[in-house]
Amino acid sequence: MSNRTYSIERNTKETQIALKFSIDGEGVAEIDTPVPFLNHMLDGFTRHGLFDLTVKAAGDTEIDDHHTTEDVGICLGTAIKEALGDKKGIKRYGNAFVPMDETLAQVAIDLSNRPHLEFRAEFPSQKVGTFDTELVHEFFWKLALEARMNLHVIVHYGTNTHHMIEAVFKAFAKALDEATLIDPRVKGVPSTKGML
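Residues numbered from 1 in each chain as written. Predicted model: local features only at pLDDT ≥ 70, side-chain atom pairs only at ≥ 80, totals over all residues. Heavy atoms only, no water.

What to know about the pairing of strand β2 (residues 15-22)
Note the following rule: A pair of strands is considered paired only if DSSP assigns at least 2 bridges between the two. Think of it this way: any DSSP run of H or I at least four residues long counts as a helix, any run of E at least two long counts as a strand, and we number them from the N terminus.
In this structure, strand β1 (residues 5-11) lies alongside β2, joined through seven bridges in antiparallel fashion. Note on β2: the bridge partner recorded for Tyr 6 is Phe 21. The turn linking β1 back onto β2 is made up of three residues. Of the pairings in the sheet, the one linking β2 to strand β4 (residues 52-59) comprises eight bridges and is antiparallel in character. Paired with Leu 19 across the strands is Val 55, a residue of β4.

Comments concerning the environment of Val 186
To keep it simple, the criterion reads: Should any heavy atoms of two residues lie within 4.5 Å, those residues are considered in contact.
Mapped onto the secondary structure, Val 186 falls in the segment after α4 (161-180). Distance in space between the C-alpha atoms of Val 186 and Lys 91 is 7.5 Å, their sequence separation being 95 residues. Those residues in contact with Val 186 that sit more than four places away from it in its chain are Gly 89 and Ile 90.

Thoughts on the side chain of Thr 33
The criterion, for reference: For this analysis, a polar contact is any N or O atom pair within 3.5 Å, provided that within protein one partner can donate a hydrogen and the other can accept it, and provided that sequence-adjacent residues contribute only side-chain to side-chain pairs.
Tracing the backbone through its elements, the reader meets Thr 33 in the loop between β3 (28-32) and α1 (36-49). Among the polar contacts listed, one links the side chain of Thr 33 to the backbone nitrogen of Val 35, at a separation of 3.0 Å. In this structure the side chain of Thr 33 is engaged in a polar contact, spanning 2.6 Å, whose partner is the side chain of Asn 39. Discounting chain neighbours no more than four positions away, the residues touching Thr 33 are Leu 38, Asn 39, Val 55 and Ala 57.

Focus: the sheet that holds β4
Convention followed: Angular values range over 0 to 180 degrees, each being the angle between N-to-C directions of two axes fitted as lines to C-alpha atoms, with helices fitted over their stretch in contact.
Judged by pairing direction, the sheet is mixed, and its four strands sit side by side in the order β1-β2-β4-β3 without closing on themselves. Single-partner strands in this sheet number two, and they are β1 and β3. Here the average twist between neighbouring strands, direction ignored, is 0°. Packing of α1 onto the sheet brings it into contact with β2, β3 and β4, and relative to β3 it is tilted by some 165°.

A look at the nonpolar core
A general tendency of soluble globular proteins is for nonpolar side chains to be buried together. The test is simple: Nonpolar cores were defined as sets of buried Ala, Val, Leu, Ile, Met, Phe, Trp, Tyr and Cys residues, with membership established by side-chain atoms within 4.5 Å. With a 1.4 Å probe rolled over the protein chains alone, any residue whose accessible area is under 20% of its type maximum counts as buried; one over 50% counts as exposed, and the rest are partly exposed.
Judged by nonpolar contacts, the single largest core of 60 residues is most densely connected at Phe 21, Met 149 and Phe 172. The dominant element in this core, judged by the number of residues it contributes, is α4, at 11 residues. In this structure, Phe 172 is in contact with Phe 45, Ile 80, Val 107, Ile 109, Phe 140, Leu 143, Met 149 and Leu 151, ignoring residues within four places of it in sequence.

What to know about the pairing of strand β10 (residues 150-157)
In this structure, strand β6 (residues 103-110) lies alongside β10, joined through seven bridges in antiparallel fashion. When the bridges of β10 are listed, Ala 108 appears paired with His 152. Note: strand β7 (residues 116-120) against β10, five bridges, orientation parallel. The residue of β10 that forms the bridge with Glu 118 is His 152.

Things to note about the side chain of Asn 39
You can see Asn 39 is positioned in helix α1. Taking the relative accessible area as the measure of exposure, Asn 39 reaches 17% and is therefore buried. Those residues within four positions of Asn 39 in sequence are excluded, and the remaining contacts are Ile 31, Asp 32 and Thr 33.

Some remarks on the pattern of salt bridges
In plain terms, the rule: Whenever Lys or Arg places a side-chain nitrogen within 4 Å of a carboxyl oxygen from Asp or Glu, that contact is recorded as a salt bridge.
Taken as a whole and judged by the stated rule, the model has 13 salt bridges. Close ionic contact of Asp 71 with Arg 10 constitutes a salt bridge, the shortest N to O distance being 3.6 Å. Of the two residues, Asp 71 sits in helix α2 (residues 66-84) while Arg 10 sits in strand β1, which places them 61 residues apart along the sequence. Note that Asp 110 and Arg 92 form a salt bridge whose closest N and O atoms lie 2.6 Å from each other. Taken as a pair, Asp 110 in strand β6 and Arg 92 in the loop between α2 and β5 (93-100) lie far apart in primary sequence, 18 residues in all. Classification of Asp 110 as buried rests on a relative accessible area of 8%. On the basis of relative accessibility, which here comes to 9%, the residue Arg 92 falls in the buried class. In this structure, a network of salt bridges that share partners links the residues Glu 70, Glu 138 and Lys 142.

Following this line, the structure appears as structure tokens:
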């Protein structure tokens, strides 16, 4: 198996981001953005997916967290797609349920090269700390677009917004880990089209 790693830098007038992502990691996270709640979510994603992720970001958070959160999603999605390479031998599909106290979240993934986000989550609170909860949808929508994945996010139930969002990020980690696994039974690319 080749080294499934990708590094990206993205610099705009709104954000400056350097990100490195490794699919076959050890759960090592080095996250430094000006959005503390996003840092917390990315740390959990990395550890529970057993990826390696380094993020160094600066952004116009004096306005709000939107641009930084969105652009980190863009960079991570791009890194996932590029790190996967030709996708030969991968399982392609992943599905995970993650409970967190009163919450149950589910994420299903198809690394299909057909970007789509289905987001079925209603958060009781508009903020967690200073973080706008609507940015969770924004993050995953931009990630799915850039990774060119079919991504379904479902929060079956829950009452604590922090738990609900954290369960989503952890379920995403577990589902992505499953979808990116190399299955020795898979010959070539897992598609009747012969490509993904």
